[in-house]
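Listed below, chain by chain, are the residues.
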Amino acid sequence: MGEATDRRPLRRHGAMKAVALVAALVLVGLAYSAVVPNGAAGADGPQSQQIEEGRRLFAVGCASCHGLHAEGGTNGDGRQAGPSLIGVGAAAVDFQVSTGRMPAAQPGAQIPQKPPVYTEEETAALAAYVASLAPGPAIPPPEAYDVSKATESDIVRGGELFRTNCTACHNFAGRGGALPNGRYAPSLMHTSPRNMYQAMLTGPQQMPVFSDAVLLPEDKRAIIAYVTQLQQQDNPGGYPLGRLGPVSEGLWGWLVGIGLLVVVAVWIGAKVPRIPRKG
């Protein structure tokens, strides 16, 4: 009887430990569900479906250059076929795909803009998939690049910022220009405000990245307002000729004007009757 009496407190003590452990686990589970109410539900939600759709599209149209898991790929010669996309963010994917630069027909020094291959929904799915791989710049909201309420002072400040940071490549009129090694800065005359903002945010191809630490969001918006005004400007003198002023106008005068005078002089000379010489 003495041994049984001694064991009961031990058994009761062990049972209390098990009950306390179960209660603690229940409390932790309840606390987690209270703090993250949508965590488990979101795993099978619309966002997950969009990412899965993007993964499928990526495997079919992008993996041959960028690798099956966006880690980057090489061609048969060991050269890089496509860079890694881990950490580039949704904004970079949206810019490249919505402008038709990606998927590229073949690697090159400069990937030109062309009609987009994917729809807006497919582009959003690709961007969501790449964004799920690692943190990166997100697609900016519409208010970030909305310049409908830009004032005259905003446009003037945007012009100053554009001439300081952008004219070396895009020229002061935003018409683009040549760069070394077969590259070029494209014209901005048909670029949307959304893509202008994303280009500054991500630095596509040879363009530098103008992060918020370099250009504040309001500075980016001012530049977009200035370029938008350039896009809407009329050409009262006729053809813009790249808006290079006397350079292009003088070249036009020499090549066309002087060339026409030479052609007319030759034509007149051919029409003048020749007088035979007397022996």
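In this text, all values refer to a predicted model and were calculated from it rather than measured experimentally. (Residues numbered from 1 in each chain as written. Predicted model: local features only at pLDDT ≥ 70, side-chain atom pairs only at ≥ 80, totals over all residues. Heavy atoms only, no water.)

For the rest of this paragraph, the subject is the layout of surface pockets. Looking at the largest pocket, its volume works out to about 910 Å³. Residue lining of the largest pocket: 36 residues in total, with His66, Pro83, Leu85, Gln96 and Met102 positioned closest to the centre. Where the lining of the largest pocket is concerned, the elements lending two or more residues are helix H2 (46-61), helix H3 (63-66), strand E2 (80-82), helix H4 (89-98) and helix H5 (120-133). Tallied by class, residues from the lining of the largest pocket come to 22 nonpolar, 13 polar and one charged. (1 Å grid on protein atoms, 1.4 Å probe; cavity = no way out; pocket = protein on both sides within 12 Å on 5 of 7 lines; lining within 4 Å. Points joined across faces, edges and corners; volume = space filled by probe spheres on them. Helix = DSSP H or I, 4+ residues; strand = E, 2+ residues; numbered from the N terminus. Nonpolar A, V, L, I, M, F, W, Y, C, P; charged D, E, K, R; others polar.)

This part takes up the confidence of the model for the protein chain. Across the protein chain, the average pLDDT comes to 83, with 77% of residues at 70 or higher. With pLDDT under 50 throughout, residues 35-43 is counted as low confidence; its partners more than four residues away or in other chains account for two contacts. (pLDDT = per-residue confidence, 0-100. Contact = heavy atoms within 4.5 Å.)

Here we come to the packing of aromatic side chains. Summed over all chains, the structure comprises two aromatic pairs. With a centroid separation of 5.4 Å and 50 degrees between ring planes, the pair formed by Phe58 and Tyr129 is classed as tilted. Of the two residues, Phe58 is situated in helix H2 and Tyr129 in helix H5; the sequence distance between them amounts to 71 residues. Summarising the burial analysis for this pair, Phe58 and Tyr129 share the class buried. Both rings, one in Phe162 and one in Tyr226, keep their centres 5.6 Å apart while their planes meet at 50 degrees; by these two values the pair is tilted. Placement of Phe162 in helix H7 (residues 152-165) and of Tyr226 in helix H10 (residues 217-232) is noted, with a sequence separation of 64 residues between them. Given a relative accessible area of 1%, Phe162 falls into the buried group. A relative accessible area of 10% places Tyr226 in the buried class. Of note, Lys220 hangs over the ring of Tyr197, and the distance from its end group to the ring centre comes to 5.9 Å. (Phe/Tyr/Trp six-rings, centres within 6.5 Å; stacked < 30°, edge-to-face > 60°. Buried < 20%, exposed > 50% of the residue type's maximum accessible area, 1.4 Å probe, protein only. Lys NZ or Arg CZ within 6 Å of the ring centre and 35° of its normal.)

Burial runs high along helix H9 (residues 193-202): eight of the ten residues are buried. Of the residues making up H9, those classed as buried are Asn195, Met196, Tyr197, Gln198, Ala199, Met200, Leu201 and Thr202. Close packing links the buried residues of H9 with H4, helix H6 (142-145) and H10. Of the residues flanking the end of H9, it is Gly203, one or two places downstream, whose phi is positive at about 65 degrees.

With respect to the element layout, Leu215 can be found in the loop between H9 and H10. With relative accessibility at 4%, the residue Leu215 sits in the buried group. Each C-alpha atom of the pair Leu215 and Leu161 lies 9.2 Å from the other, and the pair is 54 residues apart in sequence. Contacts of Leu215, omitting those with residues within four sequence positions, involve Leu161, Asn165, Met200, Phe210, Lys220 and Ile223.

Remark: H7 packs on H10, axes separated minimally by 7 Å, with the N-to-C direction vectors making an angle of 95 degrees. Considering their axes alone, H7 and H10 lie roughly perpendicular with respect to each other. For the pair H7 and H10, the contacting residues are Asp154, Ile155, Arg157, Gly158, Gly159, Leu161, Phe162 and Arg163 in the first and Glu218, Asp219, Ala222, Ile223, Ala225, Tyr226, Val227 and Gln229 in the second. Of the residues belonging to the contact of H7 with H10, the class tally is eight nonpolar, three polar and five charged. (Axes fitted to C-alpha atoms, helices over the stretch in contact; angles between N-to-C directions. Parallel < 35°, antiparallel > 145°, perpendicular 65-115°, else oblique.)

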